[in-house]
Amino acid sequence: MAFTAKILLLGSGELGREFVISAKRLGCEVVACDSYAGAPAMQVADGFEVFSMLDGDLLRAAIEKHRPDFVVPEVEAIRTEILAEVEKHGVTVVPSARATMMTMNRDGIREVAAGELGLRTSRYRYAETLEEVRAGAAHTGLPCVIKPVMSSSGKGQSTVRAESELEAAWNYAVANMRGDRRRVIVEEFIAFDYEITLLTVRTRDGVLFCPPIGHRQERGDYQESWQPTPMSDAAIASAQDMARKVVDDLGGYGLFGVEFFVKGEEVIFSELSPRPHDTGMVTLISQNLSEFDLHARAILGLPIPSIVLRGPSASAVILADRDATTLRYDGLAEALAMPGGEVDVRLFGKPNSRPYRRMGVTLALAETTDDARRIAAEAAGKIRIGYGD
Ligand SMILES: Nc1ncnc2c1ncn2[C@@H]1O[C@H](COP(=O)(O)OP(=O)(O)OP(=O)(O)O)[C@@H](O)[C@H]1O
Ligand SMILES: NCC(=O)N[C@@H]1O[C@H](COP(=O)([O-])[O-])[C@@H](O)[C@H]1O
Ligand SMILES: [Mg+2]
């Protein structure tokens, strides 16, 4: 068989699955990797490998076995030193080994954004002991947000409103962190008006932006997102300026999800993913090219003549509420028959559930973002997960 390029995908969740579909449409061969079998992206890829991507030897062996043109990380939990090593030997790491190393830990990207580039961020301190946490909170003031430097999707994160809660927050962060570095970031709590993801595409022909995506988070994890979100021209310009600085610093080609808090006219940089973003799943319905199509085109060096918003759109998550290995989905017909707009769904096919695990999303396109949000949320409510036989 003849392929455009061979891709080794590191992480095979829902974002990887849509990326595989986009890359395969452009003629790529994709081998999907993750730590468990039957992961969403593996189900649609040409091949798969099951191993811990945090194990450097296993990661190097998978890259040597498949000899891909591109290594495309899809999760943060990867032994990124190996990516730096293979990049030196001519394998293209997407977007770059430096980007994956800097964003894997919150302290890495914070030092780039606040330190080197001087972007506006929340006040912050790092802490490795409870005493340092207390000193950090004294620096930021209360409330503050405490997060393990290595974690994602809100894991180990808590907002502290009183000094008496600091010890519990530190213990919670340490118990839920990834890896073995007992380090947290203590951040000033930003009472933002709203928060956005600015999908930013770094291509050979320059940097492109999608219209801003608004989203709502609970327990540090996204519940619904919508596009576009109302924002002044000045605020958009400020977010674009910061996003351009960060992605140019991180280098390489691909799509980034750059997260900002907005308070009045002030735009505050939060963090970014050097890859498609969960809140960006709304682009599966809202744009001519989804964030996954854009990532694939940017990686392959293919043109992106224009990014067109098809209309106000929204996505809403479908979450599990318990641990189970036998799953069933009901209500799909009712969800897809929702009146008032265009409705679609993505069920990820994860082989098992756990409380709050994201199993699918609904997508809606309507007259206004408010309508799209309502339709997406109602459609998500119609899809019921059945557990057990
Ligand atoms: N300093 C802060 N002030 C106010 N809210 C915050 C702050 N930091 C985080 N949050 C809230 O928590 C959410 C998750 O935080 P953050 O993006 O840092 O976590 P994460 O674990 O990296 O999540 P993900 O991997 O899903 O992006 C934010 O989108 C925001 O709603
Ligand atoms: N915010 C990061 C994010 O949304 N990542 C997405 O979730 C998957 C893990 O899901 P799981 O925990 O259900 O296996 C990842 O593989 C990626 O697709
Ligand atoms: Mg985030």
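Fair warning: this is a prediction, and the values are worked out from it, not measured in the lab. The written sequence of each chain sets the order in which its residues are numbered from 1. Chain letters and ligand numbers both follow the written order, the letters beginning at A and the numbers at 1. Restriction of local features to residues with pLDDT of at least 70 applies here, the model being predicted, together with a cutoff of 80 or more for giving and counting side-chain atom pairs; totals for whole chains, interfaces and linings are based on all residues.

As for the UniProt feature "binding site: N(1)-(5-phospho-beta-D-ribosyl)glycinamide" (unreviewed entry) in the protein chain
The cut-off we apply is this: UniProt positions are given in the numbering used here, feature names are shortened, and annotations may be inferred rather than shown by experiment. The secondary structure listing takes helices from DSSP runs of H or I that are at least 4 residues long and strands from runs of E that are at least 2 residues long, numbered from the N terminus. For the purpose of contact definition, each residue receives a C-beta atom placed from its backbone, and two residues are in contact when these atoms lie within 7 Å.
Here the UniProt feature "binding site: N(1)-(5-phospho-beta-D-ribosyl)glycinamide" (unreviewed entry) sits at Glu14, Leu15, Glu74, Asp278, Lys350, Arg357 and Arg358. Examined against the element boundaries, leucine 15 turns out to sit in helix 1 (residues 14–25). Relative to the helices and strands, arginine 357 is located in the loop between strand 18 (342–347) and strand 19 (358–365). Once residues within four sequence positions are removed from consideration, arginine 357 is found in contact with Leu319, Ala320 and Lys350.

Some words on unusual backbone geometry
The following threshold applies: Using C-beta atoms placed from the backbone, we call a residue buried if 20 or more other C-beta atoms fall within 10 Å of its own, exposed if 12 or fewer do, and partly exposed for counts in between.
Cis geometry is found at the peptide bond from valine 94 to proline 95, where omega equals -10°. With respect to the helices and strands, the residue proline 95 is situated in the loop between strand 5 (92–93) and helix 4 (97–104). Phi is positive for arginine 67, close to 45°, though the residue is something other than glycine. Along the chain, the position of arginine 67 falls in the loop between helix 2 (56–66) and strand 4 (70–73). Positive phi outside glycine occurs at tyrosine 356, with the angle close to 70°. Structurally, tyrosine 356 is set in the loop between strand 18 and strand 19. The exposure class of tyrosine 356 is partly exposed, given the 15 C-beta atoms found within 10 Å.

Topic: the site of ligand 2
Keep this limit in mind: Near, for a residue, is defined by distance from a backbone-placed C-beta atom to a molecule or strand, with 6 Å as the limit that must not be exceeded. Nonpolar residues are Ala, Val, Leu, Ile, Met, Phe, Trp, Tyr, Cys and Pro. Charged residues are Asp, Glu, Lys and Arg, and all others, Gly as well, are polar. As used throughout, domain bounds are those supplied by an automatic or database domain assignment.
In the vicinity of ligand 2 lie 13 residues, with Gly11, Gly13, Leu15, Ser153 and Asp278 positioned nearest. If one sorts the elements of the shell around ligand 2 by residue count, helix 1 sits on top with 3 residues. For the shell around ligand 2, the class distribution of residues is 2 nonpolar, 5 polar and 6 charged. Taken together, domain 1 (6–93) and domain 3 (194–387) each give at least three residues to the shell around ligand 2, which thus spans both.

Regarding the sheet that holds strand 8 (residues 158–160)
The strands making up a sheet associate through backbone hydrogen bonding, with each pair oriented either parallel or antiparallel. Stated precisely, the cut-off is as follows: Pairing between strands requires that DSSP locate at least two bridges from one strand to the other. Helix axes are fitted to C-alpha atoms over the stretch in contact, other axes to C-alpha atoms as well, and angles between N-to-C directions run from 0 to 180 degrees.
With respect to topology, 4 strands assemble into an open sheet ordered 6-9-7-8, the strand pairing being antiparallel. What marks the edges here is a single partner per strand, and that holds for strand 6 (124–127) and strand 8. Strand-to-strand twist of the sheet, defined as the mean angle between neighbouring strand axes without regard to direction, takes the value 25°. The sheet contact formed by strand 7 (residues 144–148) and strand 9 (residues 184–188) spans 5 bridges and is antiparallel.

A closer look at the sheet that holds strand 2 (residues 29–34)
Read from one edge to the other, the open sheet built from 5 strands follows the order 3-2-1-4-5, with strand pairing classed as parallel. Strands with a single pairing partner mark the edges of an open sheet, and in this sheet they are strand 3 (47–50) and strand 5. One ladder, built from 4 bridges, connects strand 2 with strand 3; its direction is parallel. Of the residues in strand 3, the one forming a bridge with aspartate 34 is valine 50.

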